[in-house]
Amino acid sequence: MSFSIANYIILWYNLVEITTYYCEDDMNIKSDYRFDKEKEFVQKLIANAKEQCENYIVIIVGNVVGITKNFNDFNAKTSVTDEYYTLTQFNEISSTLQKVGFETLCYFDEMDFIQDVLNKRIKNNYPKKFIVLNFAQKGLVQGRKSLIPIFCEMNDIIHTNSNGFACSFAREKYYWGLCIKDIANVPDSWLFNNKTSCWLAEEPTRGEKVIAKLCNQSSSIGMESQKSVFVYSDKSFNDVLSIANTYQQPVLVQKCIPGMEVEVPIFYNGEKVFCLPPSGILIDDDYKLNNKVLSNDIRCYGGFKLYNFDDKFSELSASIQQQSIAIAKFLDLQGVSRIDYRIDNNNTAYVTDINCNPHLTKTSSVYKGFEHLNLGEYKNMVLAIIGLTISRKW
């Protein structure tokens, strides 16, 4: 599918949807003085993006459910498409940028974008510079989220992601867990190698309540239900082996941390780094999750809600924000990233996930962070990301 077909689909969708640009009502979330400096910097990023709209064309590269084709998938209950956007979500990004003055090109397949650049169907700086807003990652290959960042940097194209190494490394939960232990708590972890059908080092302790997840996937892919949490026993080896064989992926088994779960969005341009207000997870309208986790069935079918964690636990929020900033600097998570925590009943926080390419939908914690700043118009989030990208030292 070429970029022109993708853009015809977006144009058709706009005409059918008859989308109208308007200022959304304030979310009636109280303004928190603790984020005044962050809000001021975000507003500068938004203003910078608006000033630069005539100088850049934004190329949106992302996978869309039902439109992106020709990709490998798991033969299992969860799918790589659980990370894909809907056409409505993709269109909202494109139409938002167009309505503030940016020209856009849209690709539903990263290989189409790469081929068009290599074949010189599109040219950077002719007449405008490119900004690639990327959330593509089709297929099953490890490191797939690094493809577009690496390609862009090899061709002097600026993009919204972290560098290729950071994007790949952030997927490997077991290995970054080993690296950040001096600056953050990580749950006790054991890695099961799907190719050798054995543990990389030790086996989990029998009698330990654990959670099994795929080592390099996100959106809870592989965590089909709450049965992903279990007490490790003699029969658990076969259960973990079954997951590894079903998904043909290494399996990470971690000590389950009963308590709360929090997502912390981070903006980093290589110099300035700050967190948006964190969002806590509600399951069954309760922030005390105990041993409940965001399994795939809950994540994909609306079984959870987000709340302003900073309003409820301001001191704990400040602590995990400082920790998140340290991790972002250490791993060079430039662009927009997100760090997830489980917090036990003693208020000890454990890093459970790092995402260099978090979702940018209206149900995401990145967007909710803007709502918590009383900047809840969707365009503010999109423009801040573009402004952040322009501000980076390329």
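Let me sum up the structure you'll find in this document. (Residues numbered from 1 in each chain as written. Predicted model: local features only at pLDDT ≥ 70, side-chain atom pairs only at ≥ 80, totals over all residues. Heavy atoms only, no water.)

1. Brief notes about the overall build of the chain
Just so we agree on the cut-off: Only DSSP runs of H or I covering at least 4 residues are called helices, and only runs of E covering at least 2 are called strands; the numbering of each starts at the N terminus. In this treatment the radius of gyration is a C-alpha quantity, and the globule benchmark scales as 2.2 Å times the residue count to the 0.38 power. We call a residue buried when its accessible area falls under 20% of the maximum for its residue type, exposed when it is over 50%, and partly exposed in between, using a 1.4 Å probe and counting protein chains only. By definition, residues are in contact when any of their heavy atoms lie within 4.5 Å.
Summing up its helical and strand segments, the chain has 13 helices and 15 strands in all. For 394 residues, the compact-globule formula gives about 21 Å, and the C-alpha radius of gyration of the chain, at 21 Å, lands near that figure. Taken along its principal axes, the extent of the C-alpha atoms in the chain is 65 × 50 × 40 Å. Within the chain, the fraction of its 394 residues that count as buried is 58%. In the chain, the proportion of contacts linking residues at least 24 apart, taken out of those at least 6 apart, comes to 74%.

2. Quick look at unusual backbone geometry
Following tyrosine 126, the chain continues into proline 127 via a peptide bond in cis, with omega recorded as -5°. Take proline 127: it is sitting in the loop between helix H4 (110-118) and strand S3 (129-135). The phi torsion at aspartate 285 lies on the positive side, around 60°, for a residue other than glycine. Turning to its location among the elements, aspartate 285 is positioned in the loop between strand S12 (279-283) and helix H9 (296-300). The exposed category is assigned to aspartate 285, whose relative accessible area is 54%. Even without being a glycine, asparagine 374 presents a positive backbone phi close to 60°. Classification of asparagine 374 as partly exposed rests on a relative accessible area of 25%.

3. Here we look at the nonpolar core
Convention followed: Definition of nonpolar core: a set of buried residues of the types Ala, Val, Leu, Ile, Met, Phe, Trp, Tyr and Cys, connected through side-chain atoms within 4.5 Å.
By size, the foremost hydrophobic cluster in this structure holds 44 residues, and its most contacted members are Val42, Leu97, Phe102, Phe267, Phe370, Met381 and Ile386. Looking at this core, the elements that each hand over two or more residues are helix H2 (36-51), strand S1 (56-62), helix H3 (87-99), S3, helix H12 (365-372) and helix H13 (378-391). Residue contributions to this core peak at nine residues, all from H13. Judged by nonpolar contacts, the second largest core, of 31 residues, contains Ala170, Leu282, Ile343 and Val351.

4. Focus on the pattern of salt bridges
The test is simple: A pairing counts as a salt bridge when a side-chain nitrogen of Lys or Arg comes within 4 Å of a carboxyl oxygen of Asp or Glu.
Counted according to the given criterion, the structure contains 17 salt bridges. Among the salt bridges present, the one from arginine 206 reaches aspartate 234, with a minimum N-O distance of 2.5 Å. Taken together, the residues arginine 206 in the loop between strand S6 (198-199) and strand S7 (209-214) and aspartate 234 in the loop between strand S8 (229-231) and helix H8 (236-247) connect sequence positions 28 residues apart. Judged by its relative accessible area of 44%, arginine 206 is partly exposed. One continuous salt-bridge network, built from bridges that share partners, spans Glu83, Lys145 and Arg171.

5. Some thoughts on helix H5 (residues 147-154)
Stated formally: Working note: the arc is built from the helix axis to C-beta atom directions.
Those residues of H5 lying buried are Ile148, Pro149, Phe151 and Cys152. Here the buried residues of H5 occupy an arc of 165° about the axis, which is enough to place them on one side. Those residues of H5 that are buried lie in contact with S1, H4, S3, strand S4 (158-159) and helix H6 (164-169). Aspartate 156 lies just past H5 and shows a positive phi near 55°.

6. Focus: the pairing of strand S14 (residues 335-343)
We apply this condition: Strand pairing is assigned whenever DSSP detects at least two bridges linking the two strands.
The element S14 is extensively covered by neighbouring structure, given that nine of its nine residues are classed as buried. With nine bridges joining them, strand S10 (residues 260-268) and S14 adopt antiparallel strand pairing. Within S14, the position partnered with proline 265 by the bridge is arginine 338. Examined bridge by bridge, S14 and strand S15 (residues 349-355) share six bridges and lie antiparallel to one another. Residue pairing for S15: arginine 342 is matched across the bridge by tyrosine 350. Between S14 and S15, which pair antiparallel in sequence order, lie five residues; one of them, asparagine 347, sits at a positive phi of approximately 65°.

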